[in-house]
Amino acid sequence: MGGYDEAYRRSIERPEEFWAEAALDIDWDVAPAAVSGGGRWFPGGRLNTCHNAVDRHVAAGRGGQAALIHDSPVTGTVRTITYAELLDEVARTAGMLKGLGVTAGDTVVIYMPMVPEAVVAMLACARLGAVHSVVFGGFAARELALRIEHAEPKVVLSASCGIEPARVVAYKPLLDAALEQSAHRPAHCVILQRPQCPAELTPGRDLDWHESVRAAAPAPCVSVAATDPLYVLYTSGTTGLPKGVVRDNGGHAVALRWSMTNVYGAFPGEVFWAASDVGWVVGHSYIVYAPLLTGCTTVLYEGKPVGTPDPGAFWRVTAQHGVRTLFTAPTAIRAIKKEDPSGNFAKKWDLSGLRHLFLAGERLDPDTYHWASDLLGVPVIDHWWQTETGWPVAANCVGIETLPIKPGSPTKPVPGYDVRVLDAEGRECPPGVEGAVTVRLPLPPGCLPTLYRDEERFAASYLTRYPGHYLTGDGGHIDADGYLFVMGRIDDVINVAGHRLSTGTLEEVIAAHPDVAECAVIGVADELKGQLPVGFVVLKSGSERDPADVERELTALVREHVGPVAAFRRAVVVARLPKTRSGKILRATMRDIADGRPYTTPSTIEDPGVLPEIADAVNGP
Ligand code: COA
Ligand code: AMP
């Protein structure tokens with residue numbers, strides 16, 4: 001087998017041959033008529049993703065192997081589910097959904113904490129050919145309502161509560177509030193009752209999860225087209241309305257299975273742990289689908305890197321369950337480093353089984369890279385991707401060839417991705433020069449074919465800026481050795497603790513406050529979370545409110561409407577916002593001021609006198 005260069009070249013020059021070979025690792029009901037056609041992957045092929053993730057492993061003799069380990073320090077439990085048990089649970093849960101009228105093509109919203117039933121729910125939908133849409137538990141009712149209204153689910157699957165270290169989060173009142181706000185109402189909600197906070201069920205609409213599943217007959221896998229949607233995952237765009245990223249069945253299964261061997265160097269039977277949440281794309285791809293498609297054991301961790309109970313939690317789980325590959329976000333490592341700078345907690349555990357630490361979700365700063373690398377003594381691999389792509393765009397593909405690491409770079413484009421850095425005119429930037437990071441079309445299998453029910457927004461968001469290229473929304477450069485450096489977003493998306501948020505969403509909530517005339521939210525640098533949102537607010541003329549009161553109300557409003565995950569703790573009342581003569585808010589300049597960097601006064605500014613006012617508001621006069 002050749003090295004990285006050969007694999008990469010083959011994937012770009014002969015993609016049909018490359019992906020046809022990868023498709024051999026997937027069980028097809030009907031083999032694809034072609035590898036690609038009409039802008040889609042594997043047209044004519046038919047398969048079932050759940051069969052590939054569960055049934056086929058049981059048939060091949062893996063029934064007794066652990067499929068899933070639910071490690072939950074917040075409830076003090078560890079539960080192991082074998083592939084045979086998973087098959088039984090998934091088939092009966094699919095039977096329950098079928099009994100509620102869910103058939104192929106219907107949507108189902110899943111709003112659940114990190115419990116095995118969340119994974120079972122996703123696979124049960126896949127089994128029926130139904131399209132799941134998982135909503136992260138840290139989002140508030142309004143965000144859930146927006147997603148329910150757009151996805152129009154027949155059924156919502158939820159739980160009575162989630163458990164955060166300091167509090168039990170009752171999900172049911174959030175779900176009820178979301179359904180009140182949404183113009184679409186599902187016929188049924190199925191609620192998993194957790195003993196920490198059982199919920200009251202609404203008669204006629206709500207069903208008890210365990211009772212319903214117990215009463216259901218197992219349902220078989222439904223064969224779907226490779227190009228049919230497997231799921232929709234909403235992610236933040238630049239407006240308040242989230243984008244519904246669509247994933248197909250065929251391309252997704254092929255790409256994710258390929259990525260396990262070639263990007264992660266992970267093999268069937270091994271323990272793979274992505275310490276993320278099923279509500280994010282990392283959870284979809286690397287807690288649920290990729291490890292299970294591969295016949296690995298996946299760890300579902302209901303806890304935090306610190307405080308559950310200490311900064312040794314990740315090392316305990318790694319040692320206890322024999323984790324070979326650990327995947328998390330840099331912010332989690334920074335949280336551990338902050339509480340245990342000398343790494344004493346890691347020394348308590350036998351980590352000799354760990355082979356790689358993969359990090360993604362935000363830029364891996366060189367300090368964090370060096371700390372983790374020195375502590376663990378295994379390759380620490382930065383890799384870059386996004387909800388839209390579903391799997392890594394740039395990585396050190398350790399399954400093909402481990403390349404030398406350059407701290408601050410996610411290494412090189414993964415086979416399948418023709419990454420180009422372009423300047424404002426669409427010309428390729430020379431080595432070392434920053435520009436917009438794009439991927440020359442076609443995107444490889446597994447990447448979004450469209451946005452759910454919004455083909456126009458798909459084209460407008462990703463394809464029109466640079467014809468023939470997919471716009472990632474990130475800026476960066478490629479160095480003379482072909483290493484990619486991704487430096488941050490070039491749009492109004494911010495990244496808070498590896499969570500992607502739209503400043504537009506936060507601004508909409510703030511602007512709805514009766515005393516607010518206008519506002520701008522920007523992401524400012526934060527040592528732990530990477531970025532934190534800060535809102536600059538101008539009050540309506542004549543408002544006699546105490547600015548401190550309004551600031552407090554605004555943080556509460558964002559928490560209530562967007563959710564605690566936004567970590568919006570700072571609103572600053574200012575007299576005016578800095579704008580260009582054409583009325584555009586000068587966000588980059590505000591960011592420089594807020595980050596304490598020296599700023600230059602843009603020549604397009606309407607009134608340069610505003611900038612010192614902003615600096616005073618941030619730092620105090
Ligand atoms: N349900 C309900 N609330 C949730 C939640 C969930 N699933 N997840 C988070 N929250 C709440 C938290 O309780 C917290 O609320 P608080 O303001 O009352 O404290 C808030 O949302 C922010 O949570 P979080 O982002 O987890 O920050 P934190 O300050 O509690 O912890 C870290 C900081 C760094 C430890 C944490 O952000 C972390 O583990 N990050 C890992 C990032 C990650 O997995 N990203 C996924 C992409 S790979
Ligand atoms: P999400 O869609 O939530 O996964 O967020 C994707 C965004 O997170 C990307 O567009 C980047 O801005 C950022 N991101 C993810 N991984 C990395 C990384 N390894 N380096 C730099 N930025 C990253």
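So, how was this worked out
- Residues numbered from 1 in each chain as written.
- Chains lettered and ligands numbered in written order.
- Predicted model: local features only at pLDDT ≥ 70, side-chain atom pairs only at ≥ 80, totals over all residues.
- Heavy atoms only, no water.
- Phe/Tyr/Trp six-rings, centres within 6.5 Å; stacked < 30°, edge-to-face > 60°.
- Helix = DSSP H or I, 4+ residues; strand = E, 2+ residues; numbered from the N terminus.
- Buried < 20%, exposed > 50% of the residue type's maximum accessible area, 1.4 Å probe, protein only.
- Lys NZ or Arg CZ within 6 Å of the ring centre and 35° of its normal.
- UniProt positions renumbered as here; feature names shortened; annotations may be inferred.
- Domains from an automatic or database assignment.
- Contact = heavy atoms within 4.5 Å.
- Buried area = accessible area lost by both parts, 1.4 Å probe.
- Salt bridge = Lys/Arg side-chain N within 4 Å of Asp/Glu carboxyl O.
- Pairing = 2+ DSSP bridges.
- Axes fitted to C-alpha atoms, helices over the stretch in contact; angles between N-to-C directions.
- Bend = angle between axes of the 7 residues up to and from the residue.

So, the packing of aromatic side chains: which residues are in play, and what are the values?
Counted by the stated rule, this structure contains 27 aromatic pairs. Their ring planes at 65° and their centres at 6.0 Å tell us that Phe139 and Trp280 sit as a pair that is edge-to-face. Placement of Phe139 in the loop between β7 (131–134) and α6 (141–151) and of Trp280 in the loop between β16 (271–274) and α10 (281–294) is noted, with a sequence separation of 141 residues between them. Note on Phe139: relative accessible area 6%, which makes it buried. The class for Trp280 is buried, based on a relative accessible area of 16%. One aromatic cluster in this structure is built from Tyr264, Phe272, Tyr286, Phe327, Phe358 and Trp385. Across from the ring centre of Phe139, 4.5 Å away, lies the NZ or CZ of Arg147, which sits over that ring. If you follow Lys406 out to its NZ or CZ, it ends over the ring of Tyr483, 4.7 Å from the centre.

Residues and numbers for the UniProt feature "domain: AMP-binding enzyme C-terminal" (unreviewed entry) in the chain, please.
UniProt tags residues 506–584 as "domain: AMP-binding enzyme C-terminal" (unreviewed entry). Here residues 506–584 runs as 27% helix and 32% strand, with 18 Å between its end C-alpha atoms.

Before we move on, could you go through the domain arrangement of the chain and cite the residues and values that matter?
In terms of domains, the chain is made up of domain 1 (3–303 + 383–476) and domain 2 (497–619). Here the C-alpha centroids of domain 1 and domain 2 sit 33 Å apart. In this complex, domain 1 contributes 17 residues to the contact, which on the side of domain 2 involves 15 residues. Summing the contributions of domain 1 and of domain 2, the shared interface buries around 1300 Å²; its carbon and sulfur component is 47%. The largest share of the area that domain 1 buries against domain 2 comes from Arg142, Ser236 and Trp280, three residues that together contribute 36% of it. Taken together, the links from domain 1 to domain 2 amount to two salt bridges. Glu388 is paired through a salt bridge with Arg500; the nearest N and O atoms lie 2.9 Å apart.

Describe the sheet that holds strand β4 (residues 66–72), naming the residues involved and giving the relevant values.
With mixed pairing, seven strands are arranged side by side in an open sheet as β5-β4-β17-β16-β18-β19-β20. Pairing within the sheet leaves two strands with one partner each, and these edge strands are β5 (77–82) and β20 (380–382). Going across the sheet, the axis of each strand differs from the next one's by a mean of 20°, ignoring polarity. Most of the contacts of helix α11 (residues 313–321) go to strand β18 (residues 323–328), to which it runs at about 150°, and overall it touches β4, β5, β16, β17 (297–301) and β18.

Account for helix α3 (residues 49–62), naming residues and giving values.
Along α3, the helix axis deviates most sharply at Asp55, where the bend reaches about 40°. Buried within α3 we find Thr49, Cys50, Asn52, Ala53, Val54, Asp55, Arg56 and His57.

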